[in-house]
Amino acid sequence: MAETIVIVEDDESIREMLRYYFRSVGYHVESYESGEAYFEAEREQVPSLFILDIMLPGMDGLEILRRIRSDPALKDVPTLMLTARTSEMDKVKGLESGADDYVVKPFGIMELQARVKALLRRTGRNKTEEVIICGDLEIDPAAREVRKAGVPVELTYKEFELLKLLASRRGMVLSRDDILQAVWDYNFAGETRTVDMHVKTLRQKLGEGYIQTVRGVGYKMA
């Protein structure tokens, strides 16, 4: 499962550049123009890392950081601060508020990626994947167990991987080719019947209403 990076940056050009780049190197990216937009959004999963701009209109990056650190579900998520400020005091404030790293604008994208990798590597040791909740479904990646309304559901290995993928990207439409690449590691397009058959068996075991077909595109978790 791809690690999720949340970016909060009000400069659209920087935000889109970061979103495009980190997606291109394999991360799942959620980007927001403000702290208010992030906290108002529906969130199903705890992200792997935050990248926060300090100089934001309204709720600034330090306030976002304080709210993250006071949330039991988010307090351990590594956070990297971006800012045009260069004073020592600003860096100290960020680190004292709980930031894990600090990059001053303008920055090189390769340097930023290296910092991100280092944070994820450091905080990812001995960390298990969180249980994924989708309605009355509980998907436990560590135990490889699925429960529907508390009742275990027996799935094959690939059925479990497919369900975990769709659930981890809940609300996002995934093409059949994307699913093939992620679950079966196929490096070619066109073998979509495999996906369709596994979706069919999942629906038989889980019931209707969980996996939606998006005509002409693929599937998504409701």
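Starting from 1, residues in each chain are numbered consecutively following that chain's sequence as written. Given that this is a predicted model, residues contribute local features only at a pLDDT of at least 70 and side-chain atom pairs are listed and counted only at 80 or more, while totals for whole chains, interfaces and linings are drawn from all residues. Side-chain numbers here rest on the full set of heavy atoms in the structure, without hydrogens or water.

Colleague: Run through the packing of aromatic side chains, naming residues and quoting values.
Modeller: Pairs were defined over the aromatic rings of Phe, Tyr and Trp, the Trp ring being its six-membered one, requiring ring centres within 6.5 Å. Orientation was assigned from the angle between planes: stacked under 30 degrees, edge-to-face over 60, tilted for the rest. Applying the stated criterion across every chain, the model contains five aromatic pairs. Aromatic side chains Tyr21 and Phe22 sit 5.5 Å apart centroid to centroid with 80° between the ring planes, which places their arrangement in the edge-to-face category. With respect to burial, Tyr21 and Phe22 carry one shared label: buried. With 5.8 Å between their ring centres and 70° between their planes, Phe22 and Tyr27 make a pair best called edge-to-face. The cut-offs for exposure are 20% and 50% of the maximum accessible area for each residue type, with area from a 1.4 Å probe on protein chains only; residues under the lower value are buried, those over the upper are exposed, and the others partly exposed.

Colleague: An account of the sheet that holds strand β12 (residues 218-221) is requested, with residue identities and associated values reported.
Modeller: Strands sit in the order β10-β12-β11 across an open sheet of three strands; the sheet is antiparallel. The two strands at the open ends of the sheet, each matched to only one other strand, are β10 (174-175) and β11 (211-214). By this definition, two strands are paired if DSSP reports at least two bridges between them. Each helix is a run of H or I in the DSSP string that is no shorter than four residues. Each strand is a run of E no shorter than two, and both are numbered from the N terminus. Of the strand pairs in this sheet, β10 and β12 are connected by two bridges, and their pairing is antiparallel. Across the sheet, Leu174 pairs through a bridge with Tyr219, a residue of β12. Packing of helix α6 (residues 157-168) onto the sheet brings it into contact with β10, β11 and β12, and relative to β12 it is tilted by some 70°. Contacts were defined at the residue level, with two residues in contact if any of their heavy atoms lie within 4.5 Å. Note on geometry: axes are C-alpha line fits, over the in-contact stretch for helices, and angles between N-to-C directions span 0 to 180 degrees. Helix α8 (residues 193-206) rests against β11 and β12 of the sheet, and its axis sits at about 145° to β11.

Colleague: Describe a negative patch on the surface, with residues and values.
Modeller: Together, Asp10, Asp11, Glu12 and Glu33 make up a region of like negative charge exposed at the surface. When you line up the elements, Glu33 lands in the loop between β2 (28-32) and α2 (35-40). Two joining distances apply to patches: 9 Å for like charges and 5 Å for nonpolar side chains (Val, Leu, Ile, Met, Phe, Trp, Tyr), and every residue must have over 30% relative accessible area and no salt bridge. To be clear on the numbers: accessible area is Shrake-Rupley with a 1.4 Å probe, and residue cover counts the displayed protein chains and nothing else. In the sections that follow, a salt bridge refers to a side-chain nitrogen of Lys or Arg positioned within 4 Å of a carboxyl oxygen of Asp or Glu. Positive: Lys, Arg. Negative: Asp, Glu. His and the chain ends are not part of the count. Lys charges are placed at NZ, Arg charges at CZ, Asp charges at CG and Glu charges at CD.

Colleague: Hey, could you go over the pattern of salt bridges for me, with residue numbers and the actual values?
Modeller: Scanning the model with the defined rule gives 13 salt bridges in all. Between Lys105 and Asp53 there is a salt bridge, with the nearest N and O atoms lying 3.3 Å from each other. Residue Lys105 is found in the loop between β5 (101-104) and α5 (109-124), and its partner Asp53 is found in strand β3 (residues 49-53); the two are separated by 52 residues along the sequence. Judged by relative accessible area, Lys105 falls into the buried class, the value being 19%. Taking relative accessible area as the criterion, Asp53 reaches 2% and is therefore assigned buried. Between Arg147 and Glu145 there is a salt bridge; the shortest N-O distance is 3.0 Å. Judged by its relative accessible area of 30%, Arg147 is partly exposed. Given the relative accessible area of 34%, Glu145 is considered partly exposed. In this structure, a network of salt bridges that share partners links the residues Glu9, Asp53 and Lys105.

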